[in-house]
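Listed below, chain by chain, are the residues.
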Amino acid sequence: MARKVILDVDTGSDDACAIMLAYLHKDIDLIAVCSVKGNQPLKNTNENTLRIRELLGGDFPVYKGCASGLVSDLITPRMPRTRNVDAYDENGNKISFHKELFDLPESVKKEEDVPAPVFYVDYLRRAKEPVTLVAVGPLTNLAVALLIDPDIVKNIEEIVIMGGGHHITNATIAAEFNIYDDPEAAQRVLHCGAKITMVPLDATHSAYIGKDTSQKLRKINTPAANFTADLIDVRILVHNQCQPLEVPDTCALHDPLCIAYLIDPDVLKDVFFCNVEVSTSGITAGQTIVDNRAHQEYRNVRFAYRGDPQKFADIFVEAFE
Ligand code: RIB
Ligand code: CA
């Protein structure tokens, strides 16, 4: 039986890979995709999501969510985000992980009228069976839905979050981007009572994807496979110059690792059920603070310290074949 999934995205390049993996893999039933601001402003993350749906010929609904964080953009005493150094392609053109808008045709079919947080509340109140939520952007939509009706947790089977970092950060000295962008939302979601699995940068960086995967996708030679191969090759170039991984010429494909975990949980290694808290201010704003002590009583998150690169690459390519 395919696993029912709602994806929450700030579509960017790895979010696009998560949408495609979820839509194409037989073990996943993609119910809906909700957009939130993050990698780009909401109008872009939403439009990029719609363009990926049309690239796939998908029929899942898209719900547009929150355009800013709960309070994080109102608070000044926070460690400013450290802009990554710029990366350049072989022709000297500046490149980045996430283009403002994908080089795909403008979407024809638009998002639903209902805002994402309202969709979450309506759908989860009426759900006949629990649903898995996969959040791979800032957690604002889910936090707002929980503010409206905390009881929706009853119909959430599990929340899988791409976010956080223990030994690895990217947005600041202390924080990973999705959590940094709305730490108050993250703290609210981490304490909502649902089963939570967190896929942090420690896992996504160790489950690196290389050029062998983009070459396999090119051999499949469908529009979705070729578009994804291009995304991977750009990410490899940027990682090599801005965030080199343990293996050169590889990239972290953060978001689809959350979907791969639903397909085969063994793709995550060293998963520790523990207490995770989020700092919401000052120099550590957005930091995920992980309790590694053996005697802790309160545990709220299954935190994955590592990923399996070969398993991940195999799952990813299998979906496109
Ligand atoms: O830090 C990585 C995360 O931030 C990924 O989800 C990426 O898409 C960005 O949202
Ligand atoms: Ca994302």
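This write-up is about the structure you can find in this document.

The rules behind the values
- Residues numbered from 1 in each chain as written.
- Chains lettered and ligands numbered in written order.
- Predicted model: local features only at pLDDT ≥ 70, side-chain atom pairs only at ≥ 80, totals over all residues.
- Heavy atoms only, no water.
- Helix = DSSP H or I, 4+ residues; strand = E, 2+ residues; numbered from the N terminus.
- Rg over C-alpha atoms; globule rule 2.2 N^0.38 Å.
- Buried < 20%, exposed > 50% of the residue type's maximum accessible area, 1.4 Å probe, protein only.
- Contact = heavy atoms within 4.5 Å.
- Areas by Shrake-Rupley, 256 points an atom, 1.4 Å probe, with all protein chains shown as cover.
- Patch = residues over 30% accessible without salt bridge, like charges linked within 9 Å, V, L, I, M, F, W, Y side chains within 5 Å.
- Salt bridge = Lys/Arg side-chain N within 4 Å of Asp/Glu carboxyl O.
- Axes fitted to C-alpha atoms, helices over the stretch in contact; angles between N-to-C directions.
- Parallel < 35°, antiparallel > 145°, perpendicular 65-115°, else oblique.
- Nonpolar A, V, L, I, M, F, W, Y, C, P; charged D, E, K, R; others polar.
- Core = buried A, V, L, I, M, F, W, Y, C linked by side-chain atoms within 4.5 Å.
- Near = heavy atom within 4 Å.
- Polar contact = N/O pair within 3.5 Å; in protein donor to acceptor, adjacent residues only side chain to side chain.
- Donors = N, O, S within 2.8 Å, 3.2 Å for Na, K, Ca; no water.
- 1 Å grid on protein atoms, 1.4 Å probe; cavity = no way out; pocket = protein on both sides within 12 Å on 5 of 7 lines; lining within 4 Å.
- Points joined across faces, edges and corners; volume = space filled by probe spheres on them.
- Phe/Tyr/Trp six-rings, centres within 6.5 Å; stacked < 30°, edge-to-face > 60°.

Turning our attention to the overall build of the chain. Secondary structure summary: the chain contains 11 helices and 14 strands in total. Against the compact-globule benchmark of 20 Å for 321 residues, the chain has a radius of gyration of 18 Å, which places it among compact chains. With respect to the three principal axes, the spread of C-alpha positions in the chain is 50 × 40 × 40 Å. Counting the 321 residues in the chain, one finds 58% classified as buried. In the chain, the share of contacts with a sequence separation of at least 24, taken over all contacts with a separation of at least 6, comes to 80%. Counting only carbon and sulfur atoms, one obtains 52% of the accessible surface of the chain, whose full area is about 13,200 Å².

So, about a nonpolar patch on the surface. Together, V114, V118 and I148 line one region of the surface with nonpolar side chains, adding up to about 200 Å² of accessible area. By secondary structure assignment, the location of V114 is in the loop between strand 5 (94-95) and helix 3 (116-126). Taking relative accessible area as the criterion, V114 reaches 32% and is therefore assigned partly exposed.

Packing of helix 2 (residues 42-56) against helix 9 (residues 223-242) brings their axes to within 9 Å, and their N-to-C directions diverge by 135°. By the criterion of interaxial angle, the relationship of helix 2 to helix 9 is oblique. Packed against helix 2, whose contacting residues are I52, L55 and L56, the element helix 9 presents P223, A224 and F227 at the interface. In terms of residue class, the contact of helix 2 with helix 9 is built from six nonpolar, no polar and no charged.

This part is about the nonpolar core. L7, M20, I52, V134, L257 and I259 are the most contacted members of the largest nonpolar core, which has 55 residues in total. Apart from residues lying up to four places away in sequence, V134 is in contact with V5, I6, L7, D8, V160, C258, I259 and L262. Judged by nonpolar contacts, the second largest core, of 41 residues, contains Y63, A116, A135 and L142.

A word on the site of ligand 1. Around ligand 1, the structure places 14 residues, and the nearest of them are D14, N170, E176, N178 and D255. Interatomic distance of 2.9 Å between a side-chain N/O atom of D10 and an oxygen atom of ligand 1. In the environment of ligand 1, an oxygen atom lies 3.0 Å from a nitrogen or oxygen atom belonging to the side chain of D15. When ligand 1 sits alone it has 280 Å² of accessible area, and the protein chains cover 97% of it. Broken down by class, the residue content of the shell around ligand 1 amounts to four nonpolar, five polar and five charged.

By definition of the ideal shapes, a tetrahedral metal site with four donors has angles of 109.5 degrees and an octahedral site with six donors has angles of 90 or 180 degrees. Note on the calcium ion (ligand 2): its protein donors are D10 (OD), D15 (OD), D15 (OD), V136 (O) and D255 (OD). The metal-donor distances range over 2.2 to 2.8 Å. Donor residues binding the calcium ion (ligand 2) come from one chain and are separated in sequence as D-x4-D-x120-V-x118-D. Highlighted residues: D15 in helix 1 (residues 13-24) and V136 in the loop between strand 6 (131-135) and helix 4 (140-148), separated in sequence by 121 residues. In this structure, D15 and V136 share a single accessibility class: buried.

With that settled, consider empty space enclosed by the protein. Throughout the structure, instances matching the rule amount to one cavity of 30 Å³ or more. Here the largest cavity defines a volume of roughly 40 Å³. If you go around the largest cavity, the residues you meet are L124, L133, L142, L146, I152, I156, I159, V189 and C192. Put simply, the parts of the chain that give the lining of the largest cavity at least two residues each are helix 4 and strand 7 (156-162).

Here we come to the packing of aromatic side chains. Scanning all chains against the criterion turns up eight aromatic pairs. Between F119 and Y120, the ring centres sit 5.8 Å apart and the planes meet at 45°, which makes this aromatic pair tilted. By the burial criterion, F119 is buried, and Y120 matches it. One aromatic cluster in this structure is built from Y63, F119, Y120 and Y123.

This part takes up helix 10 (residues 254-263). Where burial is concerned, most of helix 10 is hidden: 10 out of the 10 residues are buried. Those residues of helix 10 lying buried are H254, D255, P256, L257, C258, I259, A260, Y261, L262 and I263.

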